[in-house]
Amino acid sequence: MMTHSISGQTIGRTAQTTMGMPVVSCPGNAFVTRVRLMDGRVDETWSTGRMVRNMGFLLRGELDVRGRPRFVTQPHCLCNDGHALAAIKAIEDLAGVTLPRSAVLVRRLVQSMRCIQEHLLHFYQFHIADWVNVNAALRADPAKAAHLDSPKGKKNADFSIVREQIRALAKLSAGKTPEAGYRGPDELHLLLYGHALQAIKAGQSLQAALGILGCGSKGFQAYRLGGLPDDLDLGKEALKGLRASLAACRGFITEVFPSDLTRLARVYGSWAERGRGNAFLTWCDSEIGRLIVSDAKGVSWRFSLSDAAAVREESEPGWSNWDRHRYRLSADREAPSFQWEQKDSYWLPAPRHGDIACEVGPLARVLGGWLSGRSPIMRALSVALDGCALSMEAMNSTLGRVLSRGIESVALMESMSGWVDELESVLARDDRRAATFSMPASGIGVGHVEVPRGVLTHTITWDGGRIVNHDYLIPSLWNFSPRDPFGGAGPLERALTGTPVAAPDHPVEILRTLHQLDPCNVCHVVVEDHDTGRTFLATT
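Not measured: the values here are computed from a predicted model. (Residues numbered from 1 in each chain as written. Predicted model: local features only at pLDDT ≥ 70, side-chain atom pairs only at ≥ 80, totals over all residues. Heavy atoms only, no water.)

Further remarks concern the overall build of the protein chain. A count of helical and extended segments in the protein chain gives 14 helices and 18 strands. Out of the 540 residues belonging to the protein chain, those deemed buried represent 56%. Within the protein chain, residue pairs in contact and separated by at least 24 positions form 74% of the contacts whose partners lie at least 6 positions apart. In the form shown here, the protein chain has an accessible surface area of approximately 21900 Å², with 51% of it arising from carbon and sulfur atoms. (Helix = DSSP H or I, 4+ residues; strand = E, 2+ residues; numbered from the N terminus. Buried < 20%, exposed > 50% of the residue type's maximum accessible area, 1.4 Å probe, protein only. Contact = heavy atoms within 4.5 Å. Areas by Shrake-Rupley, 256 points an atom, 1.4 Å probe, with all protein chains shown as cover.)

Taken N-terminus to C-terminus, the directions of helix H6 (residues 186-212) and helix H7 (residues 236-267) make an angle of 155°; their axes are 9 Å apart at the nearest point. On the basis of their axis angle, the class for H6 and H7 is roughly antiparallel. The two elements H6 and H7 meet at a crossing, and its hand is left-handed. Looking at side-chain class alone, the contact of H6 with H7 contains 19 nonpolar, 5 polar and 2 charged residues. (Axes fitted to C-alpha atoms, helices over the stretch in contact; angles between N-to-C directions. Parallel < 35°, antiparallel > 145°, perpendicular 65-115°, else oblique. Left-handed = near helix turned anticlockwise from the far one by under 90°. Nonpolar A, V, L, I, M, F, W, Y, C, P; charged D, E, K, R; others polar.)

Taken as a whole and assessed by the stated rule, the structure comprises 26 salt bridges. Arg243 is paired through a salt bridge with Glu424; the nearest N and O atoms lie 2.9 Å apart. Of the two residues, Arg243 sits in helix H7 while Glu424 sits in helix H11 (residues 398-429), which places them 181 residues apart along the sequence. When its relative accessible area of 30% is taken as the criterion, Arg243 is described as partly exposed. Owing to a relative accessible area of 29%, Glu424 belongs among the partly exposed residues under this scheme. A salt bridge links Glu414 to Arg379, with the shortest nitrogen-to-oxygen separation between them at 2.1 Å. Residue Glu414 is located in helix H11, and its partner Arg379 is located in helix H10 (residues 375-388); the two are separated by 35 residues in the primary sequence. Linked through salt bridges whose partners overlap, the residues forming this network are Arg36, Asp43, Glu44, Asp323 and Arg483. (Salt bridge = Lys/Arg side-chain N within 4 Å of Asp/Glu carboxyl O.)

This part covers the pairing of strand E13 (residues 350-353). By the alternation rule, side chains of E13 split into Ala350 and Arg352 and Pro351 and His353, which are all buried. Pairing geometry for strand E10 (residues 311-314) and E13, over 4 bridges, is antiparallel. When the sheet's bridge partners are listed, Glu314 is paired in E13 with Ala350. (Pairing = 2+ DSSP bridges.)

For the rest of this paragraph, the subject is the nonpolar core. Across soluble globular proteins, nonpolar side chains have a tendency to be buried as a group. With 138 residues, the main nonpolar core has Leu109, Met113, Leu120, Leu242 and Met395 as its most contacted residues. The dominant element in this core, judged by the number of residues it contributes, is H11, at 14 residues. Residues contacting Leu109, with those up to four places away along its chain left out, are Leu213, Leu242, Met416, Trp419, Val420 and Leu423. (Core = buried A, V, L, I, M, F, W, Y, C linked by side-chain atoms within 4.5 Å.)

Attention now goes to the side chain of Asp529. Tracing the backbone shows Asp529 in strand E17 (residues 522-529). In this structure Asp529 is buried but unpaired, with Arg534 as the nearest side chain of opposite charge at 5.5 Å. Within the structure, Asp529 has its side chain in polar contact with the side chain of Thr532 (distance 3.1 Å). For Asp529, the contacting residues outside a window of four places in its chain are Leu37, Pro504, Arg534 and Phe536. (Lys, Arg positive; Asp, Glu negative; His and termini not counted. Polar contact = N/O pair within 3.5 Å; in protein donor to acceptor, adjacent residues only side chain to side chain.)

This part takes up the sheet that holds strand E7 (residues 279-282). Taken in spatial order, the 3 strands of this open sheet run E7-E8-E9, and their pairing is antiparallel. The open sheet has two free edges, formed respectively by E7 and strand E9 (301-306), since each of these has just one partner strand. For this sheet, the mean angle separating the axes of adjacent strands, direction not counted, is 15°. Contacts from helix H9 (residues 362-371) reach E7, strand E8 (289-294) and E9, with the element oriented near 85° to E7.

Turning our attention to helix H14 (residues 508-516). With 9 of 9 residues buried, H14 lies mostly within the body of the structure. Residues Val508, Glu509, Ile510, Leu511, Arg512, Thr513, Leu514, His515 and Gln516 constitute the buried set of H14. The elements touched by buried residues of H14 are strand E3 (30-38), strand E4 (41-52), helix H2 (101-126), H11, helix H13 (491-496) and E17.

Moving on, we get to helix H4 (residues 142-149). Here H4 has its buried residues at Pro142, Ala145, Ala146 and Asp149. In a view along the axis of H4, the buried residues occupy a sector of 100°, so they form one face of it. Away from its buried face by more than 90 degrees, H4 exposes Ala143 and Lys144. Elements in contact with the buried residues of H4: helix H5 (159-171), H6 and H7. One side-chain oxygen at the N-terminal end of H4 lies 2.9 Å from the backbone nitrogen of Ala143; it belongs to Asp141. (Arc of directions from axis to C-beta.)

Here we come to the side chain of Gln516. Assignment of secondary structure puts Gln516 in helix H14. Polar side-chain contacts of Gln516 include one of 3.3 Å to the side chain of Arg405. Every residue in contact with Gln516, bar those within four places of it in the chain, is listed here: His122, Trp131, Thr398, Arg401, Val402 and Arg405.

Here we have 3 strands laid out as an open sheet, ordered E14-E15-E16, and antiparallel in their pairing. With one partner strand each, in any of the chains shown, strand E14 (442-451) and strand E16 (466-473) form the two edges of the open sheet. The average undirected angle you get between the axes of adjacent strands in this sheet is 15°. The sheet contact formed by E14 and strand E15 (residues 454-463) spans 10 bridges and is antiparallel. Directly across from His448, in E15, lies its bridge partner Thr457. Set on the sheet, helix H1 (residues 80-95) makes contact with E14, E15 and E16; between it and E14 the angle comes to about 145°.

Turning to the packing of aromatic side chains, a few remarks are in order. Per the counting criterion, the structure on display carries 13 aromatic pairs. Plain terms: the ring middles of Tyr124 and Phe257 are 5.6 Å apart, the flat faces sit at 50° to each other, and that makes the pair tilted. Taken together, the residues span a long stretch of sequence, with Tyr124 in helix H2 and Phe257 in helix H7 at a distance of 133 residues. We classify Tyr124 as buried; its relative accessible area is 0%. Each ring, one from Trp319 and one from Tyr327, has its centre 4.3 Å from the other, and the planes form 25°; the classification is stacked. Note on accessibility: Trp319 and Tyr327 belong to one class, buried. Ring pairs connect the aromatic residues Phe123, Tyr124, Phe252 and Phe257, which therefore count as one cluster. Above the face of the Trp271 ring, Arg274 is positioned so that its terminal group lies 4.7 Å from the ring centre. Geometry around Trp46 places Arg326 over its ring, the cationic atom sitting 5.0 Å from the centre. (Phe/Tyr/Trp six-rings, centres within 6.5 Å; stacked < 30°, edge-to-face > 60°. Lys NZ or Arg CZ within 6 Å of the ring centre and 35° of its normal.)

Structure follows, in structure tokens:
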């Protein structure tokens, strides 16, 4: 079995046996989600995995000529720029740095553009196959797809060309994609694949805007300790180019993207009732965190300020033997075995805010913005819910997580226009780019950054003029947390409960919720079908 997307992303071949289960080699970080199906629904989930977790190679205690910490390399992961900023903010917190307004605005612009880039990639490239079926797209009538795209007769894409591009890509992968679990007219599937190609162009415009702010493959000048470098060009011509690059992608991000999500929501409306969360955590726009806890039914919310000191981790929860067997992937004749090549990797811990398992990411930020009355979020949220004919309660769902990516993107595009204008005004009256500061003799600094996947936290301990400890907590550790010692399920475990699965050998329904919680590493899904006694393995 193989599922295609326009980018060539695949769900790996699914192995299925009752005896002699496969051995899965894990050369690096990997998550494993084990689910048990009863009566065609997820009855129980165990979320586990192993990853390398050591920032010692990022900051080796070296100092630059001014006696400040030197960043000698960067971690090799999907959030390199986020890790760099979180580490820098931890040092700035330690030294009591107050950034000039120009540096605050540039960082905010860069973070926003990176967030939108990731949302476009996530929906249109990485995980489009969760909702859009290649066989349906190949059956579609290109003329009807074009009418769906532009019913008023405006110039639109030639969807016959799009269909042939999909056909060519489909031939590169063996096997046939099952269609169980997919919804909507064939033309919708072709339309969304066509827009996936347009999304690439929008991402390129965002990349051009990032380049103007000194951010690209060679580094992020906007993320400098204490502020901005003096040689970063923020003159009138540079800001004119920045506005032009943002304008080039604004139409796609504020019109096409949310429209596609609305179409998707109308045909997958039942997913507004699946994948409910219990608690959400965000650190948006300030060093003050927000904890959002739902009621038992997941329809009303309690909003409070978060305390970083309340965050703790359980590395060895006191599970029952039954649970430990699954969390530690003990040898089992009825399940695949996993071999970890990284000997210094660690089992996923169970992070908690107090005793609460929290979800982080786009939905958490949208809920936080809504509850705190942030106008851009509230406007974009209202338009999205009206277009989908959904209530606010529906946001606490798998479909709500999908919609949150579009809502946040629209809100950020609106906000960025104002930030560019403010940046120009600030630079006209204050040319200060960076703060002056000195390092203390000792202390602990904490840096929170909202990367696209959710809140990323770095904690740095400084003593005797050197970094003596550097730890971090990534979004995926929150979202893919296992149970705690008291039986409290992690966000993914809770969200999957009750999910119907049409074809255990192609668990697209499980992947829909799993992908919206955005694992930052390869994820293996082990499906134990209690009804048939068979076990399936899918790798995504």
